[in-house]
Amino acid sequence: KAGVTQTPRYLIKTRGQQVTLSCSPISGHRSVSWYQQTPGQGLQFLFEYFSETQRNKGNFPGRFSGRQFSNSRSEMNVSTLELGDSALYLCASSKSGGVYEQYFGPGTRLTVT
Amino acid sequence: SQQGEEDPQALSIQEGENATMNCSYKTSINNLQWYRQNSGRGLVHLILIRSNEREKHSGRLRVTLDTSKKSSSLLITASRAADTASYFCATGFTGGGNKLTFGTGTQLKVEL
């Protein structure tokens with residue numbers, strides 16, 4: 001079974017620009033979650049999507065948004081990038097309807113200059 | 001903000017020794033999971049333990065959970081150099097869907 005894939009793997013953007021990151025979950029998984037990892041704040045939950053609906057949201061500004069498509073693929077968007085948005089963005093997929101482990105992708109390393 | 005704290009922050013041991021990492025959390029949970037991360041890459045799932053379980057094993061890994069103390073521990077027996085990584089505990093709660101709140105992590109270094 002193919003794992004979780006994320007594209008692109010690396011990205012360099014300028015302050016004020018916007019960026020879209022993509023995540024393809026494991027086949028059959030309908031839940032996709034996004035996390036931000038930085039040296040200062042650690043791993044923080046951004047949001048979770050299930051059946052094309054946002055089910056949970058973390059404590060991030062509205063510049064961070066996401067969506068999920070009918071094939072469970074998900075995208076997250078960050079608008080008006082700030083230097084502090086530089087981070088590793090991780091996507092995780094999981095079954096849903098109970099307590100399940102999450103499978104993480106390799107991440108997208110975003111650098112904002 | 002981080003839900004949990006992990007102890008120690010860093011641990012250095014010799015190959016063959018056992019490594020123990022501890023995790024404490026603040027609120028009620030329905031599950032706790034341990035993950036490994038190598039050099040800023042994606043996280044690898046190790047073990048999931050539910051709140052009604054006290055202990056789980058997987059190969060060289062043993063996880064305990066004490067909900068009365070809001071703490072968990074991960075024991076890696078007979079460590080290998082390949083176990084060098086950061087280890088994170090993560091908690092989930094009822095009604096939280098698949099949202100996980102991660103601890104601060106323990107950096108483990110296993111030396112030959």
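Structural data are supplied above this passage.
Within any chain, residue numbers begin from 1 and follow the written order of that chain's sequence. By the order in which they are written, chains take letters starting at A while ligands take numbers starting at 1. Where totals are concerned, whole chains, interfaces and linings use all residues; where local detail is concerned, this predicted model gives features only for residues with pLDDT of at least 70, and gives and counts side-chain atom pairs only at 80 or more. Each side-chain value is worked out from all heavy atoms of the structure, with water and hydrogens disregarded.

Student: Please clarify how the environment of R60(B) should be interpreted in this entry.
Tutor: Residue and element names in this part refer to chain B. For helices the rule is a DSSP run of H or I covering at least 4 residues; for strands it is a run of E covering at least 2, with both sets numbered from the N terminus onward. Turning to its location among the elements, R60 is positioned in the loop between β6 (55-58) and β7 (61-66). The spacing of R60 and E111 is 51 residues in sequence and 18 Å in space, taken between C-alpha atoms. Between two residues, a contact is recorded if the distance between any of their heavy atoms is within 4.5 Å. In contact with R60, not counting residues within four places along its chain, are L75, I76, T77, A78, S79, R80 and D83. Engagement of the side chain of R60 in a polar contact is seen with the side chain of D83, the distance being 3.0 Å. Polar contact is the term for a pair of N or O atoms within 3.5 Å; when the atoms are in protein, one must be able to donate a hydrogen and the other to accept it, and sequence-neighboring residues count only if both atoms are side-chain atoms.

Student: Help me understand the sheet that holds β7(B) in this model?
Tutor: Sheets are built from strands paired through backbone hydrogen bonds, the pairs being either parallel or antiparallel. All names here are of chain B. Only when DSSP finds a minimum of two bridges between them are two strands counted as paired. Read from one edge of the open sheet, five strands run β1-β3-β8-β7-β6, paired in antiparallel fashion. Either end of the sheet is taken by a strand with one partner, and the two such strands are β1 (5-7) and β6. Averaged over all pairs of adjacent strands, the angle between their axes in this sheet comes to 15 degrees, without regard to strand direction. To get an axis, a line is fitted to the C-alpha atoms, and for a helix only the part in contact is used. The angle between two axes follows their N-to-C directions and goes from 0 to 180 degrees.

Student: In this structure, what is going on with the sheet that holds strand β8 (residues 74-78) of chain A? I would like to understand it.
Tutor: Residue and element names in this part refer to chain A. Taken in spatial order, the four strands line up as β1-β3-β8-β7 in an open sheet, and their pairing is antiparallel. In this open sheet, the two strands that pair with only one neighbour each are β1 (5-7) and β7 (64-68). Strand after strand, the sheet turns through a mean of 20 degrees between neighbouring axes, direction not considered. Sheet topology places β1 next to strand β3 (residues 19-24); three bridges connect them, and they run antiparallel.

Student: So what exactly am I meant to see when it comes to the interface of chain B and chain A here?
Tutor: Accessible area lost during the coming together of the parts is what is often quoted as the interface size. Each partner contributes to the interface: chain B provides 22 residues, whereas chain A provides 26 residues. Accessible-area loss on putting two parts together, using a 1.4 Å probe and summing over both, is the definition of buried area adopted here. Summed over both partners, the interface of chain B with chain A buries about 1,700 Å², with 50% contributed by carbon and sulfur atoms. When residues of chain B are sorted by the area they lose upon contact with chain A, L43(B), N98(B) and K99(B) head the list and together hold 32% of the total. Within this document, salt bridges are pairs made up of a side-chain nitrogen of Lys or Arg and a carboxyl oxygen of Asp or Glu, the two lying within 4 Å of each other. Viewed at the interface, chain A and chain B are joined by zero salt bridges. Scanning the region where chain B abuts chain A turns up 10 residue pairs in polar contact (both at pLDDT 80 or more). Mapped by element, the contributors of at least two residues to the side of chain B that touches chain A are β4 (31-37) and β5 (43-50) of chain B.

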